[in-house]
Amino acid sequence: MLSYIVRRLLIIPVLLLGVSILIYSIISLMKPIDRAQALYIPVTAIKVFDMEDIVKKYGLDDPVYIQYWHWMVGKEDPDTGEIEGGVLHGYLGWSQVGRSSVAEMIARRAPATAELILWSIVPMIGLSVWFGVKSAENHNKFVDHFLRISAIVGWSIPAFVLGFFLLSYFSSDLQWFPPGRLTIEIKEFVQSDEFINYTNMYTIDALLNWRLDIFWDALRHLVLPVVTLSVTGWAFLLRVTRFSMLETLGQDYITVARSKGLPEETIIRKHALPNALIPVITMGGLILVGLINGV
């Protein structure tokens, strides 16, 4: 097992290198030089710089493989002799959308992303396993049919449609869940010196500062996006849990356990569920990766 894990870990850098080469080559073939220039300097400052100097400085007219090398390890500045840029040096380019470097934008938005994923994945997996087990326990009964239909509906609704509906009805019309991350008054306090930001995840930092009012305010703002992100994954994992449980409950060792007179609750919780959760955990990991990539 250890050798298998080591081999897999050693393959990761090779895969990342191959993916980076492929994506960089495709993007380089698609974008013109004037668009490539905007990846190195702010678009508002382009007129200040000589475009020919930018092309020469960053080697934007070099062959693709040389541009890739400069992008990966950096390029020597002819004036100072220092190495500038390079992914390996932490420079990921300039974001015109964020109006800052990509690294700064990721660092600024990562805490909100992590907080949203954390509050989405926990109820998603917990509820899907609980409802999936209930559905399998009540196979072909009303509860099973109701949960199956709910899962199909949840899986069929696009996230952007559900999010728009929740935002327009519960946020705009009923005003139960406000948009944003915090209310204005709470946000001003959080940004002051009186509040210590340990992680920049407001719900976590509020608990660390012993401020339940800030915690509930931040949690209230998370409800709609969490529901939007969780429904599709919840529906999928519910179906996976139900199918896996039904398959496990049909195994011979479950029949033997029942013939011994063990309570059905014990059979499900201690014998069937641990084995049925293997595909659920696998799919949950893939959904988690999708959330990190998508959010």
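Provided above is the structure to which this section pertains.
Residues numbered from 1 in each chain as written. Predicted model: local features only at pLDDT ≥ 70, side-chain atom pairs only at ≥ 80, totals over all residues. Heavy atoms only, no water.

J.: Explain the nonpolar core to me, using residue names and the numbers behind them.
T.: One finds Met-124, Val-133, Met-245, Leu-249 and Leu-291 to be the most contacted residues of the largest nonpolar core, which totals 24 residues. Listing elements by their share of this core, those giving two or more residues are helix H5 (102–137), helix H10 (212–249), helix H11 (252–259) and helix H12 (264–294). Ranked by residues supplied to this core, first place goes to H12 with eight residues. If we skip the residues at most four places from it in the chain, Leu-249 touches Ala-136, Ile-254, Arg-258, Ile-268 and Ala-272. Ile-186, Phe-195, Ile-214 and Phe-215 belong to the second largest nonpolar core, which has ten residues in total. (Core = buried A, V, L, I, M, F, W, Y, C linked by side-chain atoms within 4.5 Å. Buried < 20%, exposed > 50% of the residue type's maximum accessible area, 1.4 Å probe, protein only. Helix = DSSP H or I, 4+ residues; strand = E, 2+ residues; numbered from the N terminus. Contact = heavy atoms within 4.5 Å.)

J.: Hey, could you go over the pattern of salt bridges for me, with residue numbers and the actual values?
T.: What the rule picks out here adds up to five salt bridges. For Arg-269, the salt bridge is made with Glu-137, and the minimal N-O distance between the two is 3.7 Å. With a gap of 132 residues between them, Arg-269 in helix H12 and Glu-137 in helix H5 connect regions that are remote in the sequence. Judged by its relative accessible area of 26%, Glu-137 falls in the partly exposed class. A single salt-bridge network, built from bridges that share partners, covers Lys-134, Glu-137 and Arg-269. (Salt bridge = Lys/Arg side-chain N within 4 Å of Asp/Glu carboxyl O.)

J.: Outline a nonpolar patch on the surface, listing residues and values.
T.: The grouping of Tyr-4, Ile-5, Leu-9, Ile-12 and Leu-16 at the surface amounts to a nonpolar patch, some 480 Å² of accessible area in total. Within the secondary structure, Leu-16 is located in helix H1 (residues 2–30). (Patch = residues over 30% accessible without salt bridge, like charges linked within 9 Å, V, L, I, M, F, W, Y side chains within 5 Å. Areas by Shrake-Rupley, 256 points an atom, 1.4 Å probe, with all protein chains shown as cover.)

J.: Please set out the packing of aromatic side chains residue by residue, giving values where relevant.
T.: Within this structure, the stated rule accounts for 13 aromatic pairs. Centroid distance Phe-165 to Tyr-169: 6.0 Å. Interplanar angle 5 degrees. Geometry classified as stacked. Here the residue Phe-165 and the residue Tyr-169 both occupy positions in helix H7 (residues 159–173), the gap between them amounting to four residues, near one helical turn. For Tyr-169, a relative accessible area of 37% puts it in the partly exposed group. Seen in terms of ring centroids, Tyr-169 and Phe-170 are 5.0 Å apart; in terms of plane orientation they differ by 85 degrees. Their pairing is edge-to-face. Among the aromatic residues, ring-to-ring pairing joins Phe-165, Tyr-169, Phe-170 and Trp-176 into one connected group. (Phe/Tyr/Trp six-rings, centres within 6.5 Å; stacked < 30°, edge-to-face > 60°.)

J.: Pulling in residues and values, what's your account of the side chain of Thr-248?
T.: Looking at the secondary structure, you find Thr-248 in helix H10. Looking at Thr-248, its side chain comes within polar contact range of the main-chain oxygen of Ser-244, at 2.8 Å. Apart from residues lying up to four places away in sequence, Thr-248 is in contact with Tyr-253, Ile-254, Ala-272, Asn-275 and Ala-276. (Polar contact = N/O pair within 3.5 Å; in protein donor to acceptor, adjacent residues only side chain to side chain.)

J.: With reference to specific residues and values, describe the packing of H11 against H12.
T.: Look at H11 against H12: their axes get within 10 Å of each other, and the N-to-C directions meet at 160 degrees. As summarised for this structure, H11 and H12 are arranged roughly antiparallel, according to the angle between their axes. You can see that H11 and H12 cross each other, and the crossing is right-handed. Contacts between H11 and H12 involve Tyr-253, Ile-254, Ala-257 and Arg-258 from the former and Glu-264, Ile-267, His-271, Ala-272 and Asn-275 from the latter. Residues that form the contact of H11 with H12 fall into these classes: five nonpolar, two polar and two charged. (Axes fitted to C-alpha atoms, helices over the stretch in contact; angles between N-to-C directions. Parallel < 35°, antiparallel > 145°, perpendicular 65-115°, else oblique. Left-handed = near helix turned anticlockwise from the far one by under 90°. Nonpolar A, V, L, I, M, F, W, Y, C, P; charged D, E, K, R; others polar.)

J.: For the environment of Leu-222, give the residues involved together with the corresponding values.
T.: Positionally, Leu-222 belongs in helix H10. C-alpha of Leu-222 to C-alpha of Leu-116: the two residues are 106 residues apart in sequence and 7.1 Å apart in space. With near-sequence residues (within four places) excluded, Leu-222 lies in contact with Glu-115, Leu-116, Trp-119 and Thr-203.

J.: Tell me about H7, and please be specific about residues and values.
T.: For an α-helix, 3.6 residues make a turn, and residues three or four places apart therefore share a direction. The first and last C-alpha atoms of H7 sit 20 Å apart over 15 residues, in line with the 21 Å expected at 1.5 Å per residue. Of the residues making up H7, those classed as buried are Leu-162, Gly-163, Leu-166 and Ser-171. Just downstream of H7, Gln-175 is the residue with a positive phi angle, here 60 degrees. (Expected span 1.5 Å × (residues − 1).)

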